[in-house]
Amino acid sequence: MKFLLFIILIFQSCKTADQTNKKYLYMDLGFSYLNKEMYTESLNALFDAEKLDKNDPVLQNSIGLSYLGLKKYDKAIERFNLGLSMDSTFTESYNNRGVAYLKKSEYDRSIQDFNMALLDDLYLNKANVYSNLGVANFHQKKYKKAITLYKKAIELNKFHCTARKNLAQVYL
């Protein structure tokens, strides 16, 4: 009897491991499509991963990015919100949701999210956040603040082309 229970447990754990592996395969495929700007294909792969695990904030963030690429900003925001409800410390979702608000010209909301991203001392993409903050402030006609933010982005990453281009635009 104990042996039979042992065999059943092994099969159950293999099934769970197989499900997890499958989820990550779909996620990797979705990431690949996302990197190639093939957003619909990315969504299809990520939805397949979501069928296996709905409670993954990284997955929700990636679905949000795919919607962002398709210019479906409200759907992107929904997914970023869902991911943040699962893990409020997932900083990338604050930055990405801020970009979605930026695209919708909701500058105050975008600034709020970018500032949340900057609170994370361990977040590695702060140059992008400062550049995004610069864009939001530029659109609010806060040009001096935008200049300061673009310069901060360049200070953190001297090769940040977007921040350099946007800084030049302020002076034009």
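Everything numeric here is computed off the predicted structure, so don't read it as measured data. (Residues numbered from 1 in each chain as written. Predicted model: local features only at pLDDT ≥ 70, side-chain atom pairs only at ≥ 80, totals over all residues. Heavy atoms only, no water.)

A. Spotlight on the overall build of the protein. In terms of regular secondary structure, the protein is built from nine helices and zero strands. Each helix and strand of the protein, placed in order from N terminus to C terminus, yields the pattern α-α-α-α-α-α-α-α-α. In summary, the protein has a C-alpha radius of gyration of 20 Å against a globular reference of 16 Å for 172 residues, an excess of more than 25%. Across the 172 residues that make up the protein, the buried fraction comes to 41%. Considering only contacts within the protein whose residues lie at least 6 apart along the sequence, 43% involve residues at least 24 apart. Surface summary for the protein: the accessible area is close to 10,600 Å², and the carbon and sulfur share equals 57%. Side chains of the protein carry 25 positive and 18 negative charges; the gap between the two charge centres is 5 Å. (Helix = DSSP H or I, 4+ residues; strand = E, 2+ residues; numbered from the N terminus. Rg over C-alpha atoms; globule rule 2.2 N^0.38 Å. Buried < 20%, exposed > 50% of the residue type's maximum accessible area, 1.4 Å probe, protein only. Contact = heavy atoms within 4.5 Å. Areas by Shrake-Rupley, 256 points an atom, 1.4 Å probe, with all protein chains shown as cover. Lys, Arg positive; Asp, Glu negative; His and termini not counted. Charge placed at Lys NZ, Arg CZ, Asp CG, Glu CD.)

B. The side chain of Lys-23, seen in detail. Position of Lys-23 among the secondary structure elements: in helix H1 (residues 2-35). Take Lys-23: its relative accessible area is 5%, and that puts it in the buried class. Within polar-contact distance, the side chain of Lys-23 engages the side chain of Asp-53 at 2.9 Å. Those residues in contact with Lys-23 that lie beyond four places of it in its chain are Ala-49, Leu-52, Asp-53 and Asp-56. (Polar contact = N/O pair within 3.5 Å; in protein donor to acceptor, adjacent residues only side chain to side chain.)

C. Focus on the pattern of salt bridges. Counted according to the given criterion, the structure contains nine salt bridges. Lys-23 is the salt-bridge partner of Asp-53, the closest N and O atoms lying 2.9 Å from each other. Placement of the pair is Asp-53 in the loop between helix H2 (39-52) and helix H3 (57-69) and Lys-23 in helix H1, with a sequence separation of 30 residues. Overall, Asp-53 belongs to the partly exposed group, its relative accessible area being 23%. Salt-bridge contacts for Lys-152 lead to Glu-155; the nearest nitrogen and oxygen are separated by 3.4 Å. Here Lys-152 pairs with Glu-155, and both are found in helix H8 (residues 143-156), just three residues apart, close to one helical turn. By relative accessible area, Lys-152 is classed as partly exposed at 28%. (Salt bridge = Lys/Arg side-chain N within 4 Å of Asp/Glu carboxyl O.)

D. Examining H8 more closely. If you check H8, its first and last C-alpha atoms are 20 Å apart, about what 14 residues at 1.5 Å a residue would give, namely 20 Å. Of all the positions in H8, only Ala-146, Ile-147, Leu-149, Tyr-150, Ala-153 and Ile-154 are classed as buried. On an axial view of H8, the arc spanned by its buried residues comes to 170°, and they lie on one face. Exposed residues pointing more than 90 degrees away from the buried face of H8 are listed as Lys-144, Thr-148 and Glu-155. Its buried side turned inward, H8 meets helix H7 (126-139) and helix H9 (161-171). (Expected span 1.5 Å × (residues − 1). Arc of directions from axis to C-beta.)

E. Spotlight on the environment of Glu-41. Secondary-structure assignment places Glu-41 in helix H2. Along the sequence, Glu-41 and Phe-31 sit 10 residues apart, while their C-alpha atoms lie 9.9 Å from each other.

F. Structural context of unusual backbone geometry. Non-glycine residue Ser-105 carries a positive phi angle of around 65°. In this structure, Ser-105 sits in the loop between helix H5 (91-103) and helix H6 (107-118). A positive phi angle is found at Lys-141, which is not glycine, with a value near 65°. Tracing the backbone through its elements, the reader meets Lys-141 in the loop between H7 and H8.

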